[in-house]
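Notes for the structure review
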Amino acid sequence: MSLTAGIVGLPNVGKSTLFNAITNSRVEAANYPFATIEPNVGVVEVKDQRLIDLSNLFEPERTIFTTFEFTDIAGLVKGASTGEGLGNKFLANIREVDAICHVVRCFEDSSITHVYDRIDPVDDIEIINYELQMADIATCENRIAKVEKKAQNTKEKEAVFEYNLLKKIKDALDRNTNIRSLSFSKEESEYLKQFHFLTGKPVIYVCNIREEEINDPDSNPYFTAVKEYAAKEGSQAVAISAKIEEELSDLSKEEKLEFLKELDIDHSGLDELIVKAYQTLGLETFFTVGKDECRGWTFKSGYTAPQCAGIIHTDFEKGFIKAEVYTYEDIMEYKTEAKLKEAGKIRLEGKDYHPKDGDIMFFRFNN
């Protein structure tokens, strides 16, 4: 399951520094080396401690972590929605991502020019939001123009449904409300996927703060302002120091741990950003284990067992019979699968089972 977060932001907010840190990250496992698919796409491993623990327990030939893609979206200026600057490229690229990581500058530094000569991260956010809203309004207007007469004259059910739905969205956008802040039925949500609305995508606000504030980001008034803004629309905000992330990306695992210890923090900002991205996108992880391989698999919350099996191979989903399931917590307590069986901790689950984050599964299927 390949999911991508697009990194956006105004010039000189730390966007490029953060993306450089991502693309410079070195993964440890030789079987899944870090890769830059294209010049503007970076793939990083999600270093899940549970998978590390499982690998230490099973001692497999290889360990494969789940991965997450970050896309560095083209720059933005006011007027992007009407094609100013690289606006058209920006909007086209952002339609392809699953979530938006919106980097905002939350620090003062006279040596780094702000494109609008002031530090106001909430205003920076609203500049980009406005451009995205304008693009979504244009999408609505173009489609409404095509379906309005049909909806009003023929009363065709689907045309009426689409017209009312788009009118609801356009009215909200006209009130400066992002689509992600609205509520939709399951049918409406499915229908809207075809339009790739920009303000319908989930957002994480990435607040770039000073290195010395990393232990107490809430002392930064710019960060607290962004957190309040994010909370109002149901989004998340995370504080990072892009400069620290860039420094960390050049270090070995041991050096990184020592540096984090010196900073008195237990994980990097990039690690936290990935966790937030998983939460925002409703992603969870199940594991497959054995002497040959221990591996993490990303799935959407709410998937059934056959759907999760299909992530490994489509034949697994088609021929699904049962899934043997146990928990990460139980295997760490009992240490072996034999002892788990003795304790009755391994379950057989059918097609209606919804796997949970941290489940360890073995699928039975017909060829």
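On a predicted model such as this, the values are computed, not experimentally measured, just so you know.

Now for the overall build of the protein. Along its length, the protein carries 14 helices and 13 strands. Radius of gyration (C-alpha) of the protein: 23 Å, near the 21 Å computed for a compact globule of 367 residues. With respect to the three principal axes, the spread of C-alpha positions in the protein is 65 × 60 × 35 Å. Residues counted as buried form 49% of the 367 residues belonging to the protein. Expressed as a percentage of contacts within the protein between residues at least 6 apart in sequence, the contacts between residues at least 24 apart total 68%. Working note: accessible area of the protein is about 18,400 Å², and carbon and sulfur atoms make up 47% of it.

Here we come to the pairing of strand 1 (residues 4-8). Burial of strand 1 is extensive: 5 of the 5 residues sit out of reach of the surface. Alternating positions in strand 1 separate into two faces, Thr 4, Gly 6 and Val 8 on one and Ala 5 and Ile 7 on the other, with burial throughout. Note that strand 1 and strand 5 (residues 67-72) share 4 bridges and pair parallel. Bridged to Thr 4 within strand 5 is Glu 69. Here 4 bridges tie strand 1 to strand 6 (residues 99-105), and the two strands are oriented parallel to one another. Looking at strand 6, one finds that Val 8 is bridged to His 102.

With respect to the element layout, Thr 285 can be found in strand 9 (residues 283-288). With residues up to four places along the chain from it excluded, the contact list for Thr 285 reads Asp 48, Arg 50, Thr 66, Tyr 278, Gly 296, Trp 297, Phe 299, Lys 356, Asp 357, Gly 358 and Asp 359.

Right, let's get into helix 10 (residues 269-281). In a regular helix each residue adds 1.5 Å, so 13 residues correspond to 18 Å; helix 10 covers 18 Å between its end C-alpha atoms and thus fits that length. Positive phi shows up at Gly 282, right after helix 10, with a value of about 65°.

So, on to the confidence of the model for the protein. On average, residues of the protein carry a pLDDT of 88, and 90% of them reach 70 or more. Predicted confidence is poor over residues 26-39, with pLDDT under 50, and the contacts of this stretch with residues over four places away or in other chains come to 28 contacts.

Moving on, we come to the packing of aromatic side chains. One pass over the structure, following the stated rule, counts 11 aromatic pairs. The interplanar angle of 15° and the centroid separation of 6.3 Å between the aromatic rings of Phe 286 and Trp 297 together place this pair among those described as stacked. Of the two residues, Phe 286 sits in strand 9 while Trp 297 sits in strand 10 (residues 293-300), which places them 11 residues apart along the sequence. Taken as a pair, Phe 286 and Trp 297 share a single burial class, namely buried. Of note, Lys 47 hangs over the ring of Phe 65, and the distance from its end group to the ring centre comes to 4.4 Å. One residue, Arg 295, lies across the ring of Trp 297, its end atom 4.1 Å from the ring centre.

The next thing to look at is the pairing of strand 6. Of all 7 residues in strand 6, 7 are buried; the element is thus mostly enclosed. With burial as the criterion, each face of strand 6 is covered, one bearing Ala 99, Cys 101, Val 103 and Arg 105 and the other bearing Ile 100, His 102 and Val 104.

Moving on to the environment of Glu 228. In this structure, Glu 228 sits in helix 7 (residues 221-232). In this structure Glu 228 comes out as exposed when scored by relative accessible area, which is 53%. As for Glu 228 and Val 122, which are separated by 106 residues in sequence, their C-alpha atoms are 9.8 Å apart.

A few words now on empty space enclosed by the protein. Applying the stated criterion to the full structure yields 1 cavity of 30 Å³ or more. The calculated volume of the largest cavity comes to roughly 30 Å³. If you trace the largest cavity, you find it lined by Val 8, Ile 100, His 102, Ile 128, Asn 129, Leu 132, Arg 180 and Val 203. Going through the elements one at a time, strand 6 and helix 4 (121-153) are the ones with two or more residues in the lining of the largest cavity. With 3 residues, helix 4 is the single largest residue contributor to the lining of the largest cavity.

In this structure, Glu 59 is a non-glycine residue whose phi angle is positive, near 50°. Relative to the elements of secondary structure, Glu 59 occurs in the loop between helix 2 (49-58) and strand 4 (62-64). Judged by its relative accessible area of 58%, Glu 59 is exposed. One non-glycine residue, His 196, lies in the positive phi region at around 50°.

Right, let's get into the environment of Phe 161. By secondary structure assignment, the location of Phe 161 is in helix 5 (residues 157-174). Once you skip the residues sitting within four places of it in the chain, Phe 161 turns out to touch Glu 187, Glu 188 and Tyr 191.

So, about the packing of helix 1 (residues 15-24) against helix 8 (residues 242-249). Interhelical geometry of helix 1 versus helix 8 gives an angle of 20° and a closest axis separation of 8 Å. Between helix 1 and helix 8, the crossing angle belongs to the class labelled roughly parallel. The handedness of the crossing between helix 1 and helix 8 comes out as left-handed. Here Thr 17, Leu 18, Asn 20, Ala 21 and Asn 24 of helix 1 come into contact with helix 8, specifically with Ala 242, Lys 243, Glu 245, Glu 246 and Ser 249. Looking at the contact of helix 1 with helix 8 residue by residue, the classes come out as 3 nonpolar, 4 polar and 3 charged.

Rules behind the numbers
Residues numbered from 1 in each chain as written. Predicted model: local features only at pLDDT ≥ 70, side-chain atom pairs only at ≥ 80, totals over all residues. Heavy atoms only, no water. Helix = DSSP H or I, 4+ residues; strand = E, 2+ residues; numbered from the N terminus. Rg over C-alpha atoms; globule rule 2.2 N^0.38 Å. Buried < 20%, exposed > 50% of the residue type's maximum accessible area, 1.4 Å probe, protein only. Contact = heavy atoms within 4.5 Å. Areas by Shrake-Rupley, 256 points an atom, 1.4 Å probe, with all protein chains shown as cover. Pairing = 2+ DSSP bridges. Expected span 1.5 Å × (residues − 1). pLDDT = per-residue confidence, 0-100. Phe/Tyr/Trp six-rings, centres within 6.5 Å; stacked < 30°, edge-to-face > 60°. Lys NZ or Arg CZ within 6 Å of the ring centre and 35° of its normal. 1 Å grid on protein atoms, 1.4 Å probe; cavity = no way out; pocket = protein on both sides within 12 Å on 5 of 7 lines; lining within 4 Å. Points joined across faces, edges and corners; volume = space filled by probe spheres on them. Axes fitted to C-alpha atoms, helices over the stretch in contact; angles between N-to-C directions. Parallel < 35°, antiparallel > 145°, perpendicular 65-115°, else oblique. Left-handed = near helix turned anticlockwise from the far one by under 90°. Nonpolar A, V, L, I, M, F, W, Y, C, P; charged D, E, K, R; others polar.

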